[in-house]
Amino acid sequence: MKPPAPAHACAIVLVLLPLLAVLQTTCAQKNAIDIYSLTVDSRVSSRFAHTVITSRVVNRADSMQEATFQMELPKKAFITNFSMIIDGVMYPGNIKQKDAAQKQYSAAVARGESAGLVKATGRKMEQFQVSVSVAPSAKVTFELVYEELLKRRLGVYELLLKVQPRQLVKHLQMDIHIFEPQGISFLETESTFMTNELADALTISQNQTKAHIRFKPTLSQQQKSAEQQDTVVDGNLIIRYDVNRTLSGGSIQIENGYFVHYFAPEGLSMIPKNVIFVIDTSGSMMGKKIRQTREALIKILEDLRPEDHFNLISFSREATQWKPSLVPASTQNVEEAKKYANSIKAQGGTNINDAMLMAVQLLDTATREEQLPSGSVSLFLLLTDGDPTVGETNPTKIQKNVQEAIGGQYSLFCLGFGFDVSYAFLEKLALDNGGLARRIYEDSDSALQLQDFYQEVANPLLTAVTFEYPSNAVEEVTQDNFRLFFKGSEMVVAGKLRAQSPEVLSAIVSGQLPMENITFQMESQVAKQEEEFQKPKYIFHGFMERLWAYLTIHQLLERMVSASDADKQALETQALGLSLNYSFVTPLTSMVVTKPEGQEQSQVAEKPMENVKTAGVNFSKAGVSLYARVHDLPSKTVGTPGLNAPVLYRYTSRKLDPDLRIPSRKGFLANPLLASSSSGGPTILDDYLDETMEATTSAAPAPIQAPTVILPLPGQSTDQLCVDIKRTPGPLLLLLSDPDQGLEVTGEYKMEKAQFSWIEVTFKNPQLQVHVSPEHVVVTRGRRSSEYKWKETLFVVMPGLTMTMDKAGLLLLSSPDKVTIGLLSWDGLGEGLRLLLRDTDRFSSHVDGILGRFYQGVLWGPPDTTDDSKRTLRARGFDFDATRELKLDYQEGTPGTEISCWSVAL
């Protein structure tokens with residue numbers, strides 16, 4: 001039992017996410033538990049990451065304090081060690097078979113203690129937590145170690161770090177070393193907390209095979225301001241990279257008697273695919289889910305290639321197919337399918353069995369009648385959010401029916417939407433049929449999650465891939481045959497070298513292309529490879545044996561899902577033996593954490609299971625949130641919900657002057673937020689309306705608005721050109737295009753709303769597309785898409801481009817040799833999306849577009865003889881009337897300042 005805390009004690013939560021610590025102080029006593037040192041040492045050796053987190057804290061209070069050590073680690077990672085050093089005594093964590101730890105676990109639960117130390121949190125993370133009481137002036141050192149094999153997905157490896165200290169830390173340092181013998185081809189960092197000051201604390205060094213990322217901020221860099229002692233470090237740090245590749249059998253690497261073979265050849269052509277989308281349209285999909293599914297389907301259909309064949313099946317109580325057979329992905333068929341996808345509605349029950357059997361029959365018929373391209377790949381994509389409720393509802397029977405129908409001919413990929421779905425059912429359904437399952441999380445980016453998963457399986461390159469090694473050279477090889485190899489992924493095979501293995505390890509990789517077989521032959525010098533991994537001091541030596549064990553355990557656990565009862569026990573025994581031998585906390589083991597006498601004697605850390613059905617939290621907000629922005633009087637504004645213009649009234653000396661659009665007094669007072677008073681009597685708005693009712697008959701001056709776009713003028717002038725769009729040839733506009741810069745900016749302009757519904761910026765090098773709407777920012781790199789909210793801090797450094805966003809909502813895309821493009825979600829007068837340009841002298845002579853033409857040979861006419869505020873501007877052979885006017889400058893963010901600029905209308 002832990003002693004009762006004093007009445008004035010502080011509850012402290014120390015959170016490591018996954019490579020830094022968080023200290024949450026939940027009482028007024030500041031820094032009772034002080035993190036005086038926090039170091040992270042993460043060593044990525046040939047994709048295998050070994051991370052050691054060391055946190056040193058001291059209790060500066062004069063009473064006992066409780067600290068909770070809490071960290072998040074990737075779901076695919078295994079904890080290998082945790083220990084605490086208190087008053088010079090080490091308290092280690094011991095990894096045991098789950099059954100052996102169950103007695104301690106049950107006893108702790110019976111005492112009312114929190115026994116489970118690890119729980120799932122978020123999409124990619126798991127949370128580890130341990131509490132310990134700390135005596136006055138006592139110091140505690142926490143150390144946690146975890147390991148993971150970084151999986152290549154959509155062309156990159158990703159290391160996710162959440163950084164949230166919640167207090168200033170005197171010695172805060174994080175070092176990530178990456179060693180890739182193949183050579184590092186691409187490296188980028190992304191952060192959601194980085195400021196200009198903190199950016200100076202992030203250093204990145206890289207050569208052909210090594211990279212070192214260090215984050216070491218000083219106290220002043222961490223501090224929000226001179227007045228505020230709080231830290232600004234709060235958010236995500238993501239490191240993405242890839243390695244060099246050729247059209248070859250991959251890379252065989254050898255270290256300490258073990259080998260790993262990475263295979264992801266470049267230069268292969270895509271294999272035509274035949275895909276049937278099986279979409280749940282039952283009643284539980286109603287609302288946001290079905291809208292996001294429609295949105296994702298439309299995007300996915302646009303990505304089909306002409307040589308692909310496809311069909312759609314929607315199912316609720318009954319299954320309905322879009323076409324009687326698979327059809328080619330011609331422009332006409334895709335457009336028809338998009339209209340069909342846009343029309344699907346959610347209602348009824350969930351008949352998964354009939355839908356899947358209908359899909360299999362469609363493919364069987366097309367194959368039998370030779371309607372599909374020779375050598376093509378056939379697959380199903382099943383999306384559902386619930387358990388079967390209509391027709392055959394027994395999950396085991398459905399799995400058997402589908403497996404027998406498919407008969408090993410096709411691959412099935414299952415997407416479970418939300419937490420109501422039985423993920424274990426979908427996982428087995430997919431693994432039984434050569435595919436995999438993925439959970440789609442209910443959030444604003446659910447449509448992007450669907451699209452990204454499709455991109456992972458959209459481009460098959462090889463089928464029936466097998467790896468062969470000399471039997472006298474290797475043993476205990478991991479999975480060495482695979483049904484499909486997709487673009488952007490990687491196949492990994494590991495094994496042990498025999499004691500008397502040859503000096504050269506050879507390998508043959510074979511696979512099938514649409515019209516022929518292909519074979520790669522590889523040789524690797526054992527002694528040379530061993531020497532390569534012995535040199536670097538910063539790598540985690542002996543890692544390849546642990547990599548082999550890690551990969552073997554994951555594959556054994558996966559095989560257990562679809563194994564028969566007879567085979568399952570043998571697989572479990574093998575996985576358990578490896579878990580205990582290499583000290584991995586897996587679903588088969590637990591880590592018992594011991595504590596000093598007098599506190600909770602032990603706690604148990606267990607690996608959460610993804611397939612456990614849990615009640616999730618739906619973060620989507622129902623209904624419409626009304627609000628009123630009432631500022632100090634006089635000469636300030638009041639916002640009116642429900643109207644297009646965010647600001648409709650201006651107070652001046654206790655007068656309410658109406659702007660251009662005036663709601664009726666009755667209609668205005670109907671708004672409960674602006675017109676109701678607790679007493680039911682007149683409100684301040686009644687007084688203002690009464691005072692100004694007569695004044696409404698005369699026109700009031702319109703407020704100064706922000707223009708559609710502000711353009712810095714070319715040449716030496718510091719003046720600016722304010723451009724308003726009054727008419728367009730259509731909603732889609734080419735705003736800027738500069739082939740020399742590899743830059744294009746397009747947008748959709750809605751005349752009725754007088755604003756952009758979206759703006760899109762596309763770069764050729766690096767290949768990047770930024771699509772902004774009033775709701776969010778979507779960044780697409782290659783085939784990967786990420787969603788960001790406006791007014792969230794963002795700092796991305798990639799080769800050739802830096803992308804930043806601040807709390808004001810200004811997104812900047814900059815490069816030393818490119819024009820800087822800014823995008824802004826403006827909520828001032830004339831609210832909407834806004835475009836900013838900087839460094840416009842970098843435009844080339846080939847710049848074009850309705851805005852780009854103002855950066856090509858612009859000629860100004862003389863001022864008007866009767867009015868020097870008017871003159872003519874000629875651009876690309878067109879004359880524009882320019883007038884000197886006052887406009888609202890949005891470039892520095894809300895609320896904006898008044899500027900005088902030359903204004904033109906397009």
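Residues numbered from 1 in each chain as written. Predicted model: local features only at pLDDT ≥ 70, side-chain atom pairs only at ≥ 80, totals over all residues. Heavy atoms only, no water.

Peer 1: Looking at this model, I keep getting lost on the overall build of the protein. Mind explaining?
Peer 2: A tally of regular secondary structure across the protein gives 15 helices and 53 strands. A sequence separation of at least 24 residues applies to 65% of the contacts in the protein between residues at least 6 apart. Accessible surface, the protein as shown: approximately 40,000 Å² in total, 49% of it carbon and sulfur. (Helix = DSSP H or I, 4+ residues; strand = E, 2+ residues; numbered from the N terminus. Contact = heavy atoms within 4.5 Å. Areas by Shrake-Rupley, 256 points an atom, 1.4 Å probe, with all protein chains shown as cover.)

Peer 1: Help me out: how do you make sense of the pattern of salt bridges in this one?
Peer 2: Between side chains of opposite charge, a pair can form as their charged atoms come close. Here the structure, examined in full by the defined rule, presents 35 salt bridges. Glu190 is the partner of Arg240 in a salt bridge, and the nearest nitrogen-oxygen pair spans 2.9 Å. One end of the pair, Arg240, is in strand E16 (residues 235-243); the other, Glu190, is in strand E13 (residues 184-191), and 50 residues separate them in sequence. No difference in accessibility class separates Arg240 from Glu190, as the two residues are buried. (Salt bridge = Lys/Arg side-chain N within 4 Å of Asp/Glu carboxyl O. Buried < 20%, exposed > 50% of the residue type's maximum accessible area, 1.4 Å probe, protein only.)

Peer 1: Teacher, can you tell me more about helix H8 (residues 423-431) here?
Peer 2: Three- or four-residue spacings in an α-helix give side chains the same orientation, since the helix completes a turn every 3.6 residues. Within H8, seven of the nine residues are buried, leaving the element largely enclosed by the surrounding structure. Of all the residues in H8, the buried ones are Tyr423, Phe425, Leu426, Glu427, Leu429, Ala430 and Leu431. Against helix H6 (352-368), strand E23 (377-384), helix H7 (395-406), strand E24 (411-417), strand E25 (437-440) and helix H11 (543-562) lie the buried residues of H8.

Peer 1: Which parts of the structure should I look at to understand the packing of aromatic side chains?
Peer 2: For any pair of aromatic rings, the description consists of the separation of the ring centres together with the inter-plane angle of the planes. Summed over all chains, the structure comprises 27 aromatic pairs. Measuring from centroid to centroid gives 5.4 Å for Phe533 and Phe543, while their planes differ by 55°, and the two rings are tilted. Of this pair, Phe533 sits in helix H10 (residues 526-534) while Phe543 sits in helix H11, and the two are 10 residues apart along the sequence. This pair shows no difference in class: Phe533 is buried, exactly as Phe543 is. Aromatic ring contacts, followed pair by pair, group Phe263, Phe467, Phe482, Phe485 and Phe520 into a single cluster. Over the aromatic face of Trp322 sits the side chain of Lys323, whose NZ or CZ is 5.1 Å from the ring centroid. The residue whose ring lies beneath Arg853 is Phe878, and the NZ or CZ to ring-centre distance is 5.9 Å. (Phe/Tyr/Trp six-rings, centres within 6.5 Å; stacked < 30°, edge-to-face > 60°. Lys NZ or Arg CZ within 6 Å of the ring centre and 35° of its normal.)

Peer 1: Hey, could you run me through the sheet that holds strand E43 (residues 777-781) in this one?
Peer 2: Ordered in space as E39-E40-E41-E42-E43-E44, the six strands form an open sheet in which the pairing is antiparallel. Among the strands making up the open sheet, the edge pair consists of strand E39 (732-738) and strand E44 (784-788). Here the strands of the sheet are splayed against their neighbours by 15° on average, with no regard to which way each runs. Where strand E41 (residues 755-763) and strand E42 (residues 768-772) come together, five bridges link them in antiparallel fashion. Bridge pairing in E42 places Val761 opposite Val770. Against the sheet, helix H9 (residues 446-457) engages E43 and E44, with an angle of about 170° to E44. (Pairing = 2+ DSSP bridges. Axes fitted to C-alpha atoms, helices over the stretch in contact; angles between N-to-C directions.)

Peer 1: What am I meant to see in the side chain of Gln891 here?
Peer 2: Note that Gln891 resides in the loop between strand E52 (878-889) and strand E53 (897-905). A distance of 2.8 Å separates a polar atom in the side chain of Gln891 from a polar atom in the side chain of Gln720. If near-sequence neighbours (up to four positions away) are discounted, Gln891 is found in contact with Ile710, Gln720, Leu810, Leu836 and Arg838. (Polar contact = N/O pair within 3.5 Å; in protein donor to acceptor, adjacent residues only side chain to side chain.)

Peer 1: Can you help me understand the sheet that holds strand E18 (residues 258-263) in this one?
Peer 2: Paired through backbone hydrogen bonds, the strands of a sheet run either parallel or antiparallel to each other. Sheet architecture is open: four strands sit in the order E17-E18-E29-E27, paired in antiparallel fashion. At either margin of the open sheet sits one strand with a lone partner, and together these are strand E17 (251-255) and strand E27 (474-475). Taken together, the five bridges between E17 and E18 define a ladder with antiparallel strand orientation. Within the sheet, the bridge partner assigned to Gln253 lies in E18 and is Val260. Relative to E17, H10 is tilted by about 70°, and along the sheet it contacts E17 and strand E29 (491-497).

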